[in-house]
Amino acid sequence: MTGPTHAPRDLFRPVSGRGRHTGGMSAPGSGSSSSSVDIVHLVSEMRRSEPLVHCLTNSVVRQITADVLLAAGAAPAMVDHPEEAADFAAVASGVLVNVGNPTAEQVEGMHAAIGSAREHGTPWVLDPVAVGGLTLRTGLATGWLDHVPAAIRANASEIVALAGTGAGGRGVDSTHDVAAALPSALMLAERTGGVVAVTGAQDVVVTNSGGLTVATWITSGHPLLQKVIGTGCALGALTAAYLGAARAAGLPDHDAVVAAHAHVGAAGTAAGRVAAGPGLFAVAWLDALYTLTPGEIADSVTLLDATP
Ligand SMILES: Nc1ncnc2c1ncn2[C@@H]1O[C@H](COP(=O)(O)OP(=O)(O)O)[C@@H](O)[C@H]1O
Ligand SMILES: Cc1ncsc1CCOP(=O)(O)O
Ligand SMILES: [Mg+2]
């Protein structure tokens with residue numbers, strides 16, 4: 001998977017006069033951030049509040065998802081049973097619905113959790129793993145767009161397929177560039193009213209609020225994140241954690257989603273400095289999710305706010 005080396009200027013231009021360091025019109029490079037998102041504040045809030053994340057996720061990634069949430073500073077709980085899912089979504093800080101390997105019973109639990117999350121105001125995140133190629137999960141995820149997900153987190157091919165604008169990727173992997181998925185992400189943001197995050201070599205987080213669209217480009221991470229299974233899925237869970245923490249602190253959903261991606265990306269960058277292959281990288285990534293300070297995370301990533 002490859003991504004752009006800069007934000008696509010034909011679709012977005014940077015918001016001027018915002019952010020802690022204005023980088024002008026030039027492509028984002030290391031250390032040149034132009035964004036209103038206060039990463040330090042969000043990471044600090046997330047770690048202080050230790051949000052409880054209700055995960056309904058696939059069998060492949062449960063362990064790494066729980067490990068990532070704990071390392072980053074949140075608290076994981078996997079609750080799939082249809083008779084328990086509604087109760088837990090009511091008390092959780094955030095809910096993750098990941099359709100990566102759904103069982104019939106888990107799908108029932110997902111319906112119950114989503115209904116309860118809506119009823120109780122719990123932010124829920126949709127990760128449409130491999131949507132496009134498989135009919136059941138494509139129908140489920142598309143139907144849930146009407147159930148007000150606070151955020152959708154996916155790779156570029158999944159975003160394109162979920163928007164109905166193209167085919168999916170190759171299994172769980174993307175075959176699209178992030179920039180190519182941007183129009184589809186905008187459509188989804190407009191349709192759901194929630195935040196849409198597209199991951200790849202660069203990530204982009206899109207929100208449509210009151211007709212005004214904002215996109216934040218995030219440059220961070222490391223290619224080895226693609227060689228450890230579940231990094232994207234775990235990021236979906238961490239997105240739910242950040243949303244829960246941000247809402248409790250009165251901070252915007254958009255900023256919460258950016259911070260989740262920054263946290264994962266900064267840890268990936270740090271892990272890439274010490275690891276030559278996926279095994280050590282996975283361990284170093286977990287350690288960095290735990291050890292990086294809010295300031296180190298903010299300094300490691302490059303953010304660029306843009307608007308149509
Ligand atoms: N080429 C890359 N360089 C740096 N980071 C990457 C690269 N590809 C993916 N990532 C990061 O890996 C994480 C998972 O993203 P991705 O692989 O797109 O998700 P998924 O596992 O759902 O396909 C994200 O934090 C993303 O930014
Ligand atoms: C391999 C696999 N098969 C079904 S779900 C899954 C995990 C996908 O994880 P990620 O989307 O984070 O790469
Ligand atoms: Mg995925």
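Fair warning: this is a prediction, and the values are worked out from it, not measured in the lab. (Residues numbered from 1 in each chain as written. Chains lettered and ligands numbered in written order. Predicted model: local features only at pLDDT ≥ 70, side-chain atom pairs only at ≥ 80, totals over all residues.)

### Some remarks on the overall build of the protein
1) Next: Counting its secondary structure elements, the protein contains 11 helices and 10 strands.
2) Next: For the protein, the residues scored as buried account for 58% of the 308 residues in total.
3) Next: Contacts spanning at least 24 positions in sequence make up 73% of the contacts within the protein whose residues lie at least 6 apart. (Helix = DSSP H or I, 4+ residues; strand = E, 2+ residues; numbered from the N terminus. Buried ≥ 20, exposed ≤ 12 C-beta atoms within 10 Å, placed from the backbone. Contact = placed C-beta atoms within 7 Å.)

### Some details on helix H9 (residues 253–274)
1) Next: Over its 22 residues, H9 extends 33 Å from the first C-alpha to the last, a length consistent with the 32 Å expected when each residue adds 1.5 Å.
2) Next: The element H9 is extensively covered by neighbouring structure, given that 19 of its 22 residues are classed as buried. (Expected span 1.5 Å × (residues − 1).)

### A word on the pairing of strand S2 (residues 52–56)
1) Next: Judged by how many residues are buried, S2 sits mostly within the fold: four of five residues are covered.
2) Next: Alignment of S2 against strand S3 (residues 75–78), held across four bridges, turns out to be parallel. Among the inter-strand pairings, leucine 52 is bridged to a residue of S3, identified as alanine 75. (Pairing = 2+ DSSP bridges.)

### Considering the packing of helix H1 (residues 39–49) against H9
Two packed helices can be described by the angle between their axes and the distance between those axes.
1) Next: Remark: H1 packs on H9, axes separated minimally by 9 Å, with the N-to-C direction vectors making an angle of 85°. Taken together, the axes of H1 and H9 lie roughly perpendicular to each other. Where H1 approaches H9, its residues Ile39, Leu42 and Val43 are matched on the opposing element by Asp255, Ala256, Ala259, Ala262 and His263.
2) Next: Its residues placed into classes, the contact of H1 with H9 shows six nonpolar, one polar and one charged. (Axes fitted to C-alpha atoms, helices over the stretch in contact; angles between N-to-C directions. Parallel < 35°, antiparallel > 145°, perpendicular 65-115°, else oblique. Nonpolar A, V, L, I, M, F, W, Y, C, P; charged D, E, K, R; others polar.)

### Re unusual backbone geometry
1) Next: Backbone geometry places alanine 130, a non-glycine residue, at a positive phi of 60°.
2) Next: Here alanine 130 is to be found in the loop between strand S5 (124–127) and helix H5 (135–144).
3) Next: Non-glycine residue valine 148 carries a positive phi angle of around 55°.
4) Next: Overall, the presence of 14 C-beta atoms within 10 Å leaves valine 148 in the partly exposed class.

### Observations regarding the site of ligand 1
1) Next: Surveying the vicinity of ligand 1 reveals 19 residues, the closest of which are Asn155, Thr199, Gly221, Leu225 and Gly232.
2) Next: Elements with a contribution of two residues or more to the shell around ligand 1: helix H8 (231–248) and H9.
3) Next: Classifying every residue of the shell around ligand 1 gives six nonpolar, 11 polar and two charged. (Near = placed C-beta within 6 Å.)

### Structural notes on the UniProt feature "binding site: ATP" (unreviewed entry) in the protein
1) Next: According to UniProt, the feature "binding site: ATP" (unreviewed entry) maps to Arg153 and Thr199 in the numbering used here. The greatest C-alpha distance among the annotated residues, which extend across 47 residues, is 7.7 Å, indicating that they converge on a single site.
2) Next: By secondary structure assignment, the location of arginine 153 is in strand S6 (residues 151–155).
3) Next: Accessibility expressed as a C-beta count within 10 Å gives 31 for arginine 153, which makes it buried.
4) Next: With residues up to four places along the chain from it excluded, the contact list for arginine 153 reads Val125, Asp127, Ala197, Leu235, Gly236 and Thr239. (UniProt positions renumbered as here; feature names shortened; annotations may be inferred.)

### Digging into H8
1) Next: Spanning 18 residues, H8 covers 26 Å between terminal C-alpha atoms, matching the ideal 26 Å at 1.5 Å per step.
2) Next: Across the 18 residues of H8, 16 count as buried, placing the element largely inside the fold.
3) Next: Of the residues flanking the end of H8, it is glycine 250, one or two places downstream, whose phi is positive at about 75°.

### A short note on the UniProt feature "binding site: substrate" (unreviewed entry) in the protein
1) Next: Mapped onto the present numbering, the UniProt feature "binding site: substrate" (unreviewed entry) falls at Met78 and Gly230.
2) Next: By the element assignment, methionine 78 lies in strand S3.
3) Next: C-beta crowding within 10 Å serves as the criterion here: with 16 such atoms nearby, methionine 78 is assigned to the partly exposed category.
4) Next: In this structure, methionine 78 is in contact with Cys55 and Arg62, ignoring residues within four places of it in sequence.
5) Next: Assignment of secondary structure puts glycine 230 in the loop between strand S9 (212–219) and H8.
6) Next: Discounting residues that sit within four places of it in the chain, glycine 230 has contacts with Val60, Val61, Ile64 and Thr65.

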